[in-house]
Amino acid sequence: MAGFSWYLSEGFQVIIEKSKEAKCSLKDVQLRFLCPDDLEEVRCLCRDWFPIEYPQSWYEDITSSERFFALAAVYKTQIIGLIVAEIKPYLKLNAEDRGILSRWFASKDTLVAYILSLGVVRAYRRSGVATMLLDVLINHLSGPIPQPPHEYRVKAIFLHVLTTNNEAILFYEKRRFKLHSFLPYYYSIKGRCKDGFTYVYYVNGGHAPWGLYDYVKYVARTAWRGGGLYPWLWGKLTALTIAWHR
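Computed from a prediction, not measured in an experiment: that's the story for all the values here.

### Some details on the pattern of salt bridges
Right, so step 1: In the structure shown here, the tally under the stated rule is 6 salt bridges.
Right, so step 2: Note that aspartate 38 and arginine 32 form a salt bridge whose closest N and O atoms lie 2.7 Å from each other. For the residue pair aspartate 38 and arginine 32, the accessibility class agrees, reading buried in each case.
Right, so step 3: The salt bridge partner of lysine 88 is glutamate 86, with a shortest N-O separation of 3.7 Å.
Right, so step 4: Among the residues examined, glutamate 86 registers a relative accessible area of 14% and is labelled buried.

Here is the structure:
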């Protein structure tokens, strides 16, 4: 993937657990993309972190396919955290996710990023590793320098989370992810159905479908920026009158 060297020396759900003290300093943590040699290590980590059993093909994909943004945090040669996101066309999302963007973005060129997993080894949680990984993803997709091939076409970063995963929900909300929708019986975990939430972080001008309040706020803000509501309305009426007589 463009935009990163293999190592950066800036030293489905998030798994977070309270810890009495940080076990490592971020300046000593290196970031690199996953490679095929990481498959077994990543599989062991995911089995420990997540209640969902991923198929072998999933591990093969995230450690080799450029379709995924799969970044590892490495401390003393050990992977202590990772984030996996898939960059995909908005028009190819499942029906329950199509509503995260306004219809204005319903174009074959619009992309979104779906966070499949974000986890940190238990001993290194609450050290800022998860935040660092998430920030790198966001900066990669919406930073001051666009990163090809995505450039500014990614309009939203979203994820699904169990409604009972309060630590993960708090983590994302602190990082300005917005609750978008409730997904009843979205997960099937060990034969039992579990509810989920969709959380979204908008980038590069992307936004959710507007309601009446959003339109009123937009009109009012545009009007006052133009010198006040009365001049703005007068200008609009004048333009409509001229167009009508033509």
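Still more to cover.
### Notes on the pairing of strand β3 (residues 78–89)
Right, so step 1: By the criterion of burial, β3 is predominantly enclosed, with 10 of the 12 residues buried.
Right, so step 2: Sheet topology places strand β2 (residues 68–75) next to β3; 8 bridges connect them, and they run antiparallel. Following the sheet pairing, alanine 73 is matched in β3 by glycine 81.
Right, so step 3: Linking β2 to β3, which pair antiparallel, is a turn of 2 residues; within it lysine 76 sits at a positive phi near 55°.
Right, so step 4: Here 9 bridges tie β3 to strand β4 (residues 111–120), and the two strands are oriented antiparallel to one another. Counterpart to glutamate 86 in the pairing with β4 is tyrosine 114.

### As for the sheet that holds strand β1 (residues 30–33)
Right, so step 1: The strand order across the open sheet built from 7 strands is β1-β2-β3-β4-β5-β7-β6, with neighbouring strands paired in mixed fashion. Looking at strand neighbours, the two that pair on one side only are β1 and β6 (178–189), the edges of this open sheet. Each adjacent strand pair in this sheet contributes to an overall mean axis angle of 25°, direction not counted.
Right, so step 2: Bridging between strand β5 (residues 154–162) and strand β7 (residues 192–202) involves 7 bridges; their strand directions are antiparallel. Within β7, the residue paired with histidine 160 across the bridge is threonine 198.
Right, so step 3: Of the strands in this sheet, β3 and β4 touch helix α1 (residues 39–49), which is tilted by about 90° from β3.

Criteria and thresholds
Residue numbers restart at each chain and count upward from 1, following the sequence in its written direction. Thresholds applied to this predicted model are a pLDDT of at least 70 for local features of residues and 80 or more for the giving and counting of side-chain atom pairs; totals over whole chains, interfaces and linings are not thresholded and use all residues. By convention in this description, side-chain values take in all heavy atoms of the structure and omit both hydrogens and water. By salt bridge we mean one thing: a side-chain nitrogen of Lys or Arg within 4 Å of a carboxyl oxygen of Asp or Glu. Only protein chains enter the area calculation, which uses a 1.4 Å probe; residues under 20% of their type maximum are buried, those over 50% are exposed, and those in between are partly exposed. The helix count covers DSSP runs of H or I at least four residues long, the strand count covers runs of E at least two residues long, and both are numbered beginning at the N terminus. Any two strands between which DSSP finds at least two bridges are classified as paired. Orientation is described by lines fitted to C-alpha atoms, with helices fitted over the stretch in contact, and by angles between N-to-C directions that extend from 0 to 180 degrees. Here, two residues are considered to be in contact whenever any of their heavy atoms come within 4.5 Å of each other.

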